[in-house]
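# Survey of secondary and tertiary structure
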Amino acid sequence: MDDPFERHLRSLMQDSSAHPTPEDDKRLERVLHRAHIHSGLFDLLKLFANWGWVIGEGGARGLRHARPVRRARDNSSSSDLNS
C-alpha cells in the first residue's frame, strides 16, 4: 500500500531519530491502525447520515403525492398555453 499519509509519517519518524527501532515501527503501526479505524468510523457515520437524509426526503415527497390532487379549473388565470 502506498498511502501518502503513511509515507509522510514514516519519513517524519525517521528524521526525528537516527536509528529507528522495532518499537518505533510498532508504535507507528498502532498510530496508523487507530487513524484508519477513526477514518472508517467517520465514513460510516457520514454514509448513514446521507442515507437518513435520502430516506427522509423520499418519505416527505412520497407523502405529498400520496393522494391525487384535483386542480380547480380557472379560465380567468393566464397561462403560457393560452397565448
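Residues numbered from 1 in each chain as written. Predicted model: local features only at pLDDT ≥ 70, side-chain atom pairs only at ≥ 80, totals over all residues. Heavy atoms only, no water.

## Quick notes on the overall build of the protein chain
Within the protein chain, the secondary structure is distributed over two helices and zero strands. Considering the protein chain as a whole, with its 83 residues, one finds that 7% of them fall into the buried category. Carbon together with sulfur atoms contributes 58% to the accessible area of the protein chain, which is approximately 8200 Å² in total. (Helix = DSSP H or I, 4+ residues; strand = E, 2+ residues; numbered from the N terminus. Buried < 20%, exposed > 50% of the residue type's maximum accessible area, 1.4 Å probe, protein only. Areas by Shrake-Rupley, 256 points an atom, 1.4 Å probe, with all protein chains shown as cover.)

## Topic: helix α2 (residues 22–64)
Relative to the 63 Å expected for 43 residues at 1.5 Å per residue, α2 spans 63 Å between its end C-alpha atoms, a close match to the ideal helical length. Turning to α2, its buried residues are Asp24, Leu28 and Leu32. (Expected span 1.5 Å × (residues − 1).)

## Things to note about the packing of aromatic side chains
To describe a pair of aromatic rings, you give the distance between the ring centres and the angle between the ring planes. Under the defined criterion, the tally for this structure stands at one aromatic pair. Taking 5.4 Å as the distance between ring centres and 70 degrees as the angle between the ring planes, the aromatic pair formed by Phe48 and Trp51 counts as edge-to-face. Linking Phe48 with Trp51, this pair stays in helix α2, spanning three residues, or about one helical turn. According to the relative accessible area criterion, Phe48 is partly exposed, its value standing at 48%. (Phe/Tyr/Trp six-rings, centres within 6.5 Å; stacked < 30°, edge-to-face > 60°.)

## Some details on the pattern of salt bridges
It is possible for side chains bearing opposite charge to pair when their charged atoms get close. Going through the model one piece at a time under the given rule, you end up with one salt bridge. The salt bridge partner of Glu23 is Arg27, with a shortest N-O separation of 4.0 Å. One end of the pair, Glu23, and the other, Arg27, are both in helix α2, four residues apart, so they sit about a helical turn from each other. For Arg27, a relative accessible area of 37% translates into the label partly exposed. (Salt bridge = Lys/Arg side-chain N within 4 Å of Asp/Glu carboxyl O.)

## Observations concerning the environment of Asp24
Along the chain, the position of Asp24 falls in helix α2. Linking Asp24 and Met13, residues eleven residues apart in sequence, is a C-alpha distance of 7.9 Å.

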